[in-house]
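Structural features, examined
If you want the building blocks of each chain, they are given just below.
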Amino acid sequence: EASFESFLKWGLENYNADQMGVVISGHGAGIGGCAPDSNSYSDYLTISEIVEASSNALENSNKDKLDWIGFDCCMMQCADIASVMSDYFNFMVGSQESEFGQGWDHDSYLGKLALNTKISPQDLLPEIASSYVSTFESSLCTRNSPCFQTSSVLDLSKMPTLIDEFNSFVSNTGTDAISYLKYQSAFKSSLNKFGEEEYGLVDFKDFISKLSSEFSGISNTALLNALNDVVISNSHCSKYIIAPCGLNAFLP
């Protein structure tokens, strides 16, 4: 945490640009965190540590938030993570699925930024997602079938509405033991699970669809609309039977 906080402060103090983003690159484990120390793979940078470091770094700066955070790591594009990141960043880039070791095509989006330093995050960040997926779609995916890859861009300002709509949906379904069993059933029947199904991560839209089957008569329209508003760019391998929506849900 101290290293990440120091890095953020260094950037804010020495390169205080109109638009600022930060990329974290390394291994990812969903809500378990990311970027473990190279000397100890059990020492992950946890989500709470990212939050605390970001809060401390921004406290004495002239910014309320940084423009975007990018996770060049596996399985970090999760609603639980996006929700807490929304307090410190405006946009978020990441992958629902595991990433190949080579990671992002940095030349692609940095080249676009170099040509237009005033480009908006809404125009720049989709280049990260599309260039990453297209690189592996045309190369490694052809030799590693069924090599599924994902990358998406989230508008974090829309996350509070998504959380409110999901909480409202849950309230309507009930939270007793029988209802929870239905949530488990929906999770198990969802086709798109990520990280070899070991991390409790499932495609949010697929999960909502299965929940609606379990709780017939409860509308999911407002929830789906909120989800669509959050995901502003979504790239994925063409081999998916059901296209992932760009954001995972976590079920413990």
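Every chain begins its residue count from 1, and numbering advances along the sequence as written. At least 70 in pLDDT is required for a residue's local features to be given in this predicted model, at least 80 for side-chain atom pairs to be given and counted, and no such filter applies to totals for whole chains, interfaces and linings, which use all residues. Side-chain calculation: all heavy atoms of the structure are included, whereas hydrogens and water are not.

Structural notes on the sheet that holds strand β3 (residues 89-94)
- Spatially, β1-β2-β3-β4-β7 is the arrangement adopted by the five strands of the open sheet, whose pairing is mixed. At either margin of the open sheet sits one strand with a lone partner, and together these are β1 (21-25) and β7 (231-236). Strand-to-strand twist of the sheet, defined as the mean angle between neighbouring strand axes without regard to direction, takes the value 10°.
- As paired strands, β1 and strand β2 (residues 66-72) are joined by five bridges and run parallel to one another. When the sheet's bridge partners are listed, Gly21 is paired in β2 with Trp68. When DSSP locates at least two bridges between a pair of strands, those strands are taken to pair. Working definition: helices are DSSP H or I runs of at least four residues, strands are E runs of at least two. Numbering for both runs from the N terminus. In this analysis an axis means a line fitted to C-alpha atoms, helices contributing only their contacting stretch, and an angle means the value between N-to-C directions, from 0 to 180 degrees.

Looking at the packing of helix α1 (residues 2-14) against helix α2 (residues 47-59)
- Between α1 and α2, the least distance of the axes is 9 Å, while the angle of their chain directions is 30°. With respect to each other, α1 and α2 are oriented roughly parallel. Here the hand of the crossing between α1 and α2 comes out right-handed. Contact with α1, carried on its side by Phe4, Glu5, Leu8, Lys9 and Leu12, involves Ile50, Ala53, Ser54, Asn56, Ala57 and Leu58 of α2 and no other residues of that element. Roughly parallel means an angle under 35 degrees; roughly antiparallel means over 145; roughly perpendicular covers 65 to 115; every other angle is labelled oblique. Put simply, a crossing is left-handed when the front helix is turned counterclockwise from the back one by less than a right angle, and right-handed when it is turned clockwise. We call two residues in contact when some of their heavy atoms are within 4.5 Å.

A word on the sheet that holds strand β8 (residues 248-250)
- Overall, antiparallel pairing links the three strands, which are arranged β5-β6-β8 in an open sheet. Each having just a single partner strand, β5 (193-194) and β8 make up the two edges of the open sheet.
- Examined bridge by bridge, β5 and strand β6 (residues 201-203) share two bridges and lie antiparallel to one another. Paired with Lys193 across the bridge in β6 is Val202.
- Across the face of the sheet, helix α9 (residues 204-214) comes into contact with β6 and β8 while running at roughly 80° to β6.

Structural notes on the nonpolar core
- Grouping buried Ala, Val, Leu, Ile, Met, Phe, Trp, Tyr and Cys residues that are joined through side-chain atoms within 4.5 Å yields what is termed a nonpolar core. Accessibility here uses a 1.4 Å probe with only protein chains present; expressed as a share of the type maximum, an area under 20% marks a residue as buried, one over 50% as exposed, and anything in between as partly exposed. Among the nonpolar cores identified, the biggest contains 57 residues, and Ile50, Phe71, Met85 and Leu247 are the most heavily contacted of them.
- The element contributing the most residues to this core is α2, with six residues.
- Ignoring sequence-local partners within four residues, the contact set of Met85 consists of Ile47, Ile50, Val51, Ile69, Phe71, Met92 and Leu156.
- Phe91, Tyr109, Ile119 and Tyr132 belong to the second-largest nonpolar core, a separate cluster that totals 14 residues.

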